[in-house]
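# Structural characterization, general
What follows is each chain in one-letter form.
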Amino acid sequence: MLFVQHISITYYKNVRYANYANVRNSIKFAPINIEKVPECEVLLQRVPMFQDTDGISKYKASFKEYGQEIFTVDNLDPCRNYYDIIRNIRIFKVDDGYKIRFCDDRSFTRHNAFKRRGHNESFMDNNSPFCYTDIINETAFTLKPNEYGRIIYNERNVTFDEQWYYTLNTINFINCDKSKYREKMFYRKAPDFEYKNMQYLRYC
């Protein structure tokens, strides 16, 4: 089973300075508070936060269960992508492990202000929706049983009323049996694998 924890810290340009950035960057994990682990392939915990000059506010965490539908490159239907895929993440089952891919396909955010370009593993694959597409779509790591990985990336977006906002995303992954679930299972100083895609964000 794959446990996934997505911590997203949203902020505006008034807290772009180094002292605020240090606080954002120090948050790598959060406790998983769930009474019973469900029967599923992937369990996602979303932990939204907001930072302003008064500090960081934590909103109520939520959980989402995924079955076999999550093991796909993409769907042509954006509504199915919203429900079947974790944003900017692709997961594939490999024997008893999970291959985790970072994929900036912009399926979820229409108002993303920039495109991530880079290595596209599916560039020459005629069966892929990313064929001949200039996006980043690459394997971050493959997790064997009891291995822990982390993906960190940032983004800049704009609201419908043209107000810019920014997000720091930290996504933790653990491949383990649900019998090993612990509330603080992500509380390790260093994961086995870490993948970063940090872009220069121009503050408008």
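Fair warning: this is a prediction, and the values are worked out from it, not measured in the lab.

Let us look at unusual backbone geometry. Unlike most non-glycine residues, D95 shows phi in positive territory, near 55 degrees. With respect to the helices and strands, the residue D95 is situated in the loop between β5 (89-94) and β6 (97-103). By relative accessible area, D95 is classed as exposed at 72%. Even without glycine at this site, N146 takes up a positive phi of about 70 degrees. Inspection of the secondary structure puts N146 in the loop between β7 (137-143) and β8 (148-158).

A few words on the pattern of salt bridges. Applying the stated criterion to the full structure yields five salt bridges. With a closest N to O distance of 2.5 Å, K178 and E39 form a salt bridge. Highlighted residues: K178 in the loop between β9 (164-175) and β10 (193-197) and E39 in the loop between α1 (18-26) and β2 (42-52), separated in sequence by 139 residues. On the basis of relative accessible area, E39 is assigned to the exposed category, the value being 67%. Note that K93 is salt-bridged to E41, the shortest N-O span being 3.7 Å.

Burial analysis of β9 places 10 of its 12 residues in the buried class, which makes it a mostly covered element. Where β8 meets β9, 11 bridges bridge the pair, whose relative direction is antiparallel. Residue pairing for β9: I151 is matched across the bridge by I171. If you look at the hairpin formed by β8 and β9, you'll find five residues sitting between the two strands, and E162 has a positive phi there, around 65 degrees.

Below, the discussion takes up the packing of aromatic side chains. On inspection of all chains with the given rule, the structure shows 10 aromatic pairs. Their ring planes at 65 degrees and their centres at 5.9 Å tell us that Y12 and F50 sit as a pair that is edge-to-face. You can see Y12 sitting in the loop between β1 (2-11) and α1 and its partner F50 sitting in strand β2, a full 38 residues away along the chain. A relative accessible area of 25% means that Y12 is categorised as partly exposed. Ring plane angle 55 degrees and centroid distance 5.8 Å describe the contact between Y148 and F186, whose orientation is recorded as tilted. Taken together, the residues Y148 in strand β8 and F186 in the loop between β9 and β10 connect sequence positions 38 residues apart. Of the two residues examined, Y148 and F186, each falls in the buried class. The cationic tip of R24 hangs over the ring face of Y11; the distance from NZ or CZ to the ring centre is 3.7 Å. Lying across the ring of Y66, K64 places its NZ or CZ 5.1 Å from the centre.

To continue, consider the nonpolar core. Ranked by size, the top nonpolar core spans 22 residues in total, and within it I91, I151 and F173 carry the most contacts. Elements with a contribution of two residues or more to this core: β1, β2, β5, β6, β7, β8 and β9. I151 has contacts with I89, I100, F102, A140, F141, N169, T170, I171, F173 and Y195, leaving out every residue within four places of it along the chain. Ranked by size, the runner-up nonpolar core spans 13 residues in total, among them M1, I32, V37 and M185.

Tracing the chain through its elements places P145 in the loop between β7 and β8. It is 5.2 Å that separates the C-alpha atoms of P145 and N175, two residues lying 30 residues apart in sequence. With residues up to four places along the chain from it excluded, the contact list for P145 reads D96 and N175.

The next thing to look at is the side chain of R150. Relative to the helices and strands, R150 is located in strand β8. Those residues in contact with R150 that sit more than four places away from it in its chain are K28, F29, F141, T170, I171, N172, R188, P191, F193, E194 and Y195.

About the thresholds
- Residues numbered from 1 in each chain as written.
- Predicted model: local features only at pLDDT ≥ 70, side-chain atom pairs only at ≥ 80, totals over all residues.
- Heavy atoms only, no water.
- Helix = DSSP H or I, 4+ residues; strand = E, 2+ residues; numbered from the N terminus.
- Buried < 20%, exposed > 50% of the residue type's maximum accessible area, 1.4 Å probe, protein only.
- Salt bridge = Lys/Arg side-chain N within 4 Å of Asp/Glu carboxyl O.
- Pairing = 2+ DSSP bridges.
- Phe/Tyr/Trp six-rings, centres within 6.5 Å; stacked < 30°, edge-to-face > 60°.
- Lys NZ or Arg CZ within 6 Å of the ring centre and 35° of its normal.
- Core = buried A, V, L, I, M, F, W, Y, C linked by side-chain atoms within 4.5 Å.
- Contact = heavy atoms within 4.5 Å.

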